[in-house]
Amino acid sequence: MKVFAAVVKVLAALAAVAGAVYAIATYGDKIVAWAKNLMAKCPCSCTQVPAEEAPAEEPTPAEEPEAAQEAPVEEAAPAEEAAPAEEPVSEDGVPVADEDDFEG
């Protein structure tokens, strides 16, 4: 009888896992949309960068050295186009996904 009870417990656990996987596979998009909706209504500033972590303001063209102002703009444009765009990286060195990285 003990073996039967153990088998039933294992089968119940497997059924629970299978049900959770099925629910996520079936309703995953709706769950994500619901979570995004909740985050949009969140009163906290979770997505805003704190003031101490905000990037420093770039100098205005009046503050730049004269040599940088004398450089022709035509030469700088092709170099910028040829350079690959840098992916955002978190503080611990892990790449951060962008909305464009996901389908749909």
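Residues numbered from 1 in each chain as written. Predicted model: local features only at pLDDT ≥ 70, side-chain atom pairs only at ≥ 80, totals over all residues. Heavy atoms only, no water.

**Student:** Would you explain the overall build of the chain in this entry?
**Tutor:** On a plain count of helices and strands, the chain comes out with three helices and zero strands. Order of helices (α) and strands (β) in the chain, N terminus to C terminus: α-α-α. Expressed as a percentage of its 104 residues, the buried residues of the chain come to 1%. As presented, the chain carries roughly 10100 Å² of accessible surface, and 62% of it is formed by carbon and sulfur atoms. (Helix = DSSP H or I, 4+ residues; strand = E, 2+ residues; numbered from the N terminus. Buried < 20%, exposed > 50% of the residue type's maximum accessible area, 1.4 Å probe, protein only. Areas by Shrake-Rupley, 256 points an atom, 1.4 Å probe, with all protein chains shown as cover.)

**Student:** Sorry if this is basic, but what is going on with helix α1 (residues 2-41) here?
**Tutor:** For an α-helix the count is 3.6 residues per turn, leaving residues at separations of three or four pointing the same way. The terminal C-alpha atoms of α1 lie 51 Å apart, and with 40 residues this falls more than 12% below the ideal 58 Å at 1.5 Å per residue. A maximum bend of about 75° is found in α1 at Tyr27. (Expected span 1.5 Å × (residues − 1). Bend = angle between axes of the 7 residues up to and from the residue.)

**Student:** Is there a simple way to think about a nonpolar patch on the surface in this case?
**Tutor:** Together, Val3, Val7, Val10, Leu11 and Leu14 give the surface a local cluster of nonpolar side chains, amounting to about 480 Å² of exposed area. Along the chain, the position of Leu11 falls in helix α1. Exposure remark for Leu11: the relative accessible area of 52% places this residue in the exposed category. (Patch = residues over 30% accessible without salt bridge, like charges linked within 9 Å, V, L, I, M, F, W, Y side chains within 5 Å. Salt bridge = Lys/Arg side-chain N within 4 Å of Asp/Glu carboxyl O.)

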